[in-house]
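# Per-entry structural report
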Amino acid sequence: MTIVPARIFRHSHGLGERQDMRYFMYSKKKSLFWLLGLIAGWLFLAAFLVWFFDPFYQYHAPFFGMEAVFQDRDNQMPGSVRNLSYDSVLMGSSLAENFDSSFLDRQYGCHTLKIIRASGSAADLLYYLDMARESHELKNVFWCLDLSAMDASPEHTLFDETVPRYLHTETILDDGTYLWNKDILFQTIPLNLAYGQMGRNTGGHAYDWSQGKEFSARMAMLAYEKPRERVLTERDFTGQKENVLANLEQITIRIKDHPETMYRFFFPLYSMNWWDCAYVNGELEEKFYILEQTLPMLLSCDNVEVYYFQDEEEIICNLDNYMDMIHYSPTVSQYILDKMASGEGRLTRENWQEAVERMRDLAGRITDELIYRYYSR
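Residues numbered from 1 in each chain as written. Predicted model: local features only at pLDDT ≥ 70, side-chain atom pairs only at ≥ 80, totals over all residues. Heavy atoms only, no water.

### Focus on the overall build of the chain
Looking only at helices and strands, the chain features 15 helices and 6 strands. Rg of the C-alpha trace for the chain: 30 Å, well past the compact-globule value of 21 Å for 377 residues, more than 25% over. Projecting the C-alpha coordinates of the chain onto the three principal axes gives extents of approximately 125 × 50 × 40 Å. A buried classification covers 50% of the 377 residues belonging to the chain. Total accessible area on the chain stands at roughly 19,000 Å², and carbon and sulfur atoms take up 55% of it. (Helix = DSSP H or I, 4+ residues; strand = E, 2+ residues; numbered from the N terminus. Rg over C-alpha atoms; globule rule 2.2 N^0.38 Å. Buried < 20%, exposed > 50% of the residue type's maximum accessible area, 1.4 Å probe, protein only. Areas by Shrake-Rupley, 256 points an atom, 1.4 Å probe, with all protein chains shown as cover.)

Okay, here's the thing in structure tokens:
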């Protein structure tokens, strides 16, 4: 009898091939599990790092005494409003970003969070104000009120391709774009850590963009090429009137619903170029309509103070205070806060019309003579 070795016997009957196949499949599954485990581990680590450092403050305030850094207003606004600690807010457009809110904290004994929206529309800012009230009791609302905020749409415009909706929800279930995002991991988080160490865009200087900017007549004039003559007749702003009244109604509802909160409104100091531009484009009466509707309505509320500095000729007619038609230097920002803290420029139900008339007179002198300090006739 011929004896066949076991290995040859198994192969001759297909046993070796089946065993080798089972071993191959086992090794393949094992490698796949290792790969999936590695991927899951990296995904968990990435999500944990974003959650821990949380540069948009979606989940918590900074840990271990790290500085809260505010350098991305649109993305950081919803989370900071929900999750940071404060008892007062400073609201406005980019014209409010360079105010030192720590000055307000010292002056009024509060802890202020900046609520900024690029357009500064009343509806957008009220959206954030309502969000703040859901989790905070507010002692003060400091509102840098743009005239353009009042004739903007009374519907908020927060959700677009630049501001994802998931930032405005409290659930984590739609946060995948935030938790697994290489730009946040490798750009936003390191930038926040660096700014925190440098003390940049922290504390009262949240969202401050003034560093490295040039405030000069040269820059202001580059932003406004004055026409030689009036180019338009006074435009019809009937639709804008409806917006003004609708926005005013929504603001006063919030004011009257919360008598425990003190509202302090003040108006940014647009340069004389802005007033001249409104004149040559036939929009000057619209601006005064906004003032004439807004001031008495605000002043009718007991928990409101209104301050008006737009008629400060020494400031708005000196273009060295500006980098364009509206954005003024931090020195002007501090000037406004100082005046407000001292009670200067405060309007009442008795004197607000005088302030509007002073502004009308100054606007007329700007367009007739003062603008020609910088531009040829």
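### Examining the side chain of Asn-98
Here Asn-98 shows up in the loop between β1 (88-92) and α4 (101-108). Given a relative accessible area of 5%, Asn-98 falls into the buried group. For Asn-98, the side chain forms a polar contact with the main-chain nitrogen of Trp-209, separated by 3.1 Å. (Polar contact = N/O pair within 3.5 Å; in protein donor to acceptor, adjacent residues only side chain to side chain.)

### Concerning unusual backbone geometry
Residue Asp-54 is not a glycine yet carries a positive backbone phi of 40°. You can see Asp-54 is positioned in the loop between α2 (15-53) and α3 (73-83).

### Concerning the confidence of the model for the chain
Low pLDDT means the predicted coordinates in that region are not meant to be read closely. Across the chain, the average pLDDT comes to 91, with 91% of residues at or above 70. Scored below 50 in pLDDT, residues 6-12 makes 6 contacts in the model with residues more than four places away or belonging to other chains. (pLDDT = per-residue confidence, 0-100. Contact = heavy atoms within 4.5 Å.)

### Some remarks on helix α8 (residues 182-198)
In a regular helix each residue adds 1.5 Å, so 17 residues correspond to 24 Å; α8 covers 24 Å between its end C-alpha atoms and thus fits that length. What α8 keeps buried is the set Ile-184, Leu-185, Thr-188, Ile-189, Asn-192, Tyr-195 and Gly-196. Where α8 begins, one side-chain oxygen reaches toward the backbone nitrogen of Asp-183, 2.9 Å away; that side chain belongs to Asn-181. Phi turns positive one or two residues past the end of α8, at Gly-199, with a value near 70°. (Expected span 1.5 Å × (residues − 1).)

### Thoughts on the pairing of strand β3 (residues 140-144)
Most of β3 sits out of view: 5 of its 5 residues are buried. Both faces of β3 are covered, namely the face carrying Asn-140, Phe-142 and Cys-144 and the face carrying Val-141 and Trp-143. In terms of strand pairing, β1 meets β3 through 4 bridges, oriented parallel. If you follow Leu-90 over to β3, its bridge partner there is Phe-142. (Pairing = 2+ DSSP bridges.)

### Structural notes on the pattern of salt bridges
Counted under the stated rule, the structure contains 20 salt bridges. With a shortest N-O distance of 3.9 Å, Lys-339 and Glu-312 are connected by a salt bridge. Placement of the pair is Lys-339 in helix α14 (residues 330-341) and Glu-312 in the loop between β5 (304-307) and α13 (313-316), with a sequence separation of 27 residues. Here Lys-339 matches Glu-312 in class, with each residue buried. Taking the relative accessible area as the measure of exposure, Lys-339 reaches 16% and is therefore buried. Connected via shared salt-bridge partners are Glu-313, Asp-361, Arg-365 and Arg-373. (Salt bridge = Lys/Arg side-chain N within 4 Å of Asp/Glu carboxyl O.)

### A look at the packing of helix α11 (residues 272-280) against helix α15 (residues 352-368)
At a minimum axis distance of 9 Å, the contact between α11 and α15 shows a crossing angle of 85°. Judged by the angle between their axes, α11 and α15 are roughly perpendicular. Only Met-359, Ala-363, Ile-366 and Thr-367 of α15 make contact with α11, whose side of the interface consists of Met-272, Trp-275, Asp-276 and Tyr-279. For the contact of α11 with α15, a count of residues per class yields 6 nonpolar, 1 polar and 1 charged. (Axes fitted to C-alpha atoms, helices over the stretch in contact; angles between N-to-C directions. Parallel < 35°, antiparallel > 145°, perpendicular 65-115°, else oblique. Nonpolar A, V, L, I, M, F, W, Y, C, P; charged D, E, K, R; others polar.)

### Here we look at the sheet that holds β5
The sheet built from 6 strands is open, its strands ordered β2-β1-β3-β4-β5-β6 with mixed pairing. The two strands at the open ends of the sheet, each matched to only one other strand, are β2 (112-116) and β6 (346-347).

### Describing the side chain of Asn-273
As for its placement among the helices and strands, Asn-273 is situated in helix α11. On the accessibility criterion, Asn-273 (0% relative accessible area) is buried. Those residues in contact with Asn-273 that lie beyond four places of it in its chain are Ala-220, Met-221, Tyr-224, Leu-319, Met-325, Ile-371 and Tyr-375.

### A short note on a nonpolar patch on the surface
On the surface, Leu-32, Phe-33, Leu-35, Leu-36, Ile-39, Leu-43 and Trp-180 cluster together into a nonpolar patch covering about 710 Å² of accessible area. Mapped onto the elements of the fold, Leu-43 is located in helix α2. (Patch = residues over 30% accessible without salt bridge, like charges linked within 9 Å, V, L, I, M, F, W, Y side chains within 5 Å.)

### Description of α11
Of all the 9 residues making up α11, 8 are buried; the element is thus mostly covered by neighbouring parts of the structure. Looking only at α11, the buried set comprises Met-272, Asn-273, Trp-274, Trp-275, Asp-276, Cys-277, Ala-278 and Val-280. On its buried side, α11 packs onto α6 (147-150), α9 (217-222), α12 (284-299), α13 and α15. Just downstream of α11 lies Gly-282, where phi reads positive at about 70°.

### Focus on the environment of Leu-49
For Leu-49, the position within the fold is in helix α2. Classification of Leu-49 by relative accessible area gives partly exposed; the value is 30%. The spacing of Leu-49 and Trp-180 is 131 residues in sequence and 9.8 Å in space, taken between C-alpha atoms.

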